[in-house]
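# Commentary on secondary and tertiary structure
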Amino acid sequence: MNIEFAKSMSGHDRNQIYLIKEKDEKFVYLVNGTTKTLAAPKKKSVKHIQIIRHLPAEVTDCLRKEMTDVTVKRAIKTYGIINQEEM
């Protein structure tokens, strides 16, 4: 399973980081573990996101074992912490 994150580039959720649960031709279905859960993902146009392909191992490891809303939330938080350290 390929794990990808996305950054929202437009809308009220601009600059939010999400996990891409599914994608098709025009839309992606985004999850953040709190407001947008695995049961009710956010539908967003592919034009309005930036895909983050290269994720640190710390982020992908916790999602490969088990994917729940809690692990998604933890992975996004871990990505945010690692990303701020690099700046």
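Here the structure is a predicted model, which means the values were calculated and not measured.

### Notes on the sheet that holds strand 2 (residues 17-23)
Taken in spatial order, the five strands of this open sheet run 4-3-2-1-5, and their pairing is antiparallel. If you trace the sheet from one side to the other, it starts and ends with strand 4 (42-45) and strand 5 (49-52), each paired once. Going across the sheet, the axis of each strand differs from the next one's by a mean of 45°, ignoring polarity. In the sheet, strand 1 (residues 5-8) pairs with strand 2 via three bridges, with the strands oriented antiparallel. Following the sheet pairing, Ala 6 is matched in strand 2 by Tyr 18.

### Comments concerning the pattern of salt bridges
Between side chains of opposite charge, a pair can form when the charged atoms approach closely. Under the criterion given, the structure shown has four salt bridges. With a shortest N-O distance of 2.8 Å, Lys 23 and Glu 4 are connected by a salt bridge. Remark: Glu 4 occurs in the segment before strand 1 and Lys 23 occurs in strand 2; sequence separation between them is 19 residues. Overall, Lys 23 belongs to the partly exposed group, its relative accessible area being 45%. Residue Glu 4 is classed as buried on the basis of its relative accessible area of 8%. Its salt-bridge partner being Arg 53, residue Glu 4 comes within 2.8 Å of it at the nearest N-O pair. Of this pair, Glu 4 sits in the segment before strand 1 while Arg 53 sits in the loop between strand 5 and helix 1 (57-65); the two residues are 49 residues apart in sequence, bridging distant segments of the chain.

### Comments concerning the nonpolar core
Of all hydrophobic cores here, the largest spans 16 residues; its most connected members are Phe 5, Leu 63 and Tyr 79. Counting residues per element, the ones that place at least two in this core are strand 2, helix 1 and helix 2 (69-86). A total of five residues in this core trace back to one element, the largest contributor, which is helix 2. Once you skip the residues sitting within four places of it in the chain, Leu 63 turns out to touch Ile 3, Phe 5, Leu 19, Thr 71, Val 72 and Ala 75.

### Topic: the packing of aromatic side chains
Each pair of aromatic rings is reported with the distance of its centres and the angle of its planes. Under the defined criterion, the tally for this structure stands at one aromatic pair. With a centroid separation of 5.7 Å and 75° between ring planes, the pair formed by Phe 5 and Tyr 79 is classed as edge-to-face. Within this pair, whereas Phe 5 is found in strand 1, its partner Tyr 79 is found in helix 2, the two being separated by 74 residues in sequence. For Phe 5, a relative accessible area of 0% corresponds to the buried category. The ring of Phe 27 has Lys 43 sitting right over it, with the charged end atom 4.4 Å from the ring centre.

### Here's the deal with unusual backbone geometry
Positive phi outside glycine occurs at Asn 15, with the angle close to 70°. Here Asn 15 shows up in the loop between strand 1 and strand 2. For Asn 15, a relative accessible area of 48% gives the class partly exposed.

Conventions we followed
Residues numbered from 1 in each chain as written. Predicted model: local features only at pLDDT ≥ 70, side-chain atom pairs only at ≥ 80, totals over all residues. Heavy atoms only, no water. Pairing = 2+ DSSP bridges. Helix = DSSP H or I, 4+ residues; strand = E, 2+ residues; numbered from the N terminus. Axes fitted to C-alpha atoms, helices over the stretch in contact; angles between N-to-C directions. Salt bridge = Lys/Arg side-chain N within 4 Å of Asp/Glu carboxyl O. Buried < 20%, exposed > 50% of the residue type's maximum accessible area, 1.4 Å probe, protein only. Core = buried A, V, L, I, M, F, W, Y, C linked by side-chain atoms within 4.5 Å. Contact = heavy atoms within 4.5 Å. Phe/Tyr/Trp six-rings, centres within 6.5 Å; stacked < 30°, edge-to-face > 60°. Lys NZ or Arg CZ within 6 Å of the ring centre and 35° of its normal.

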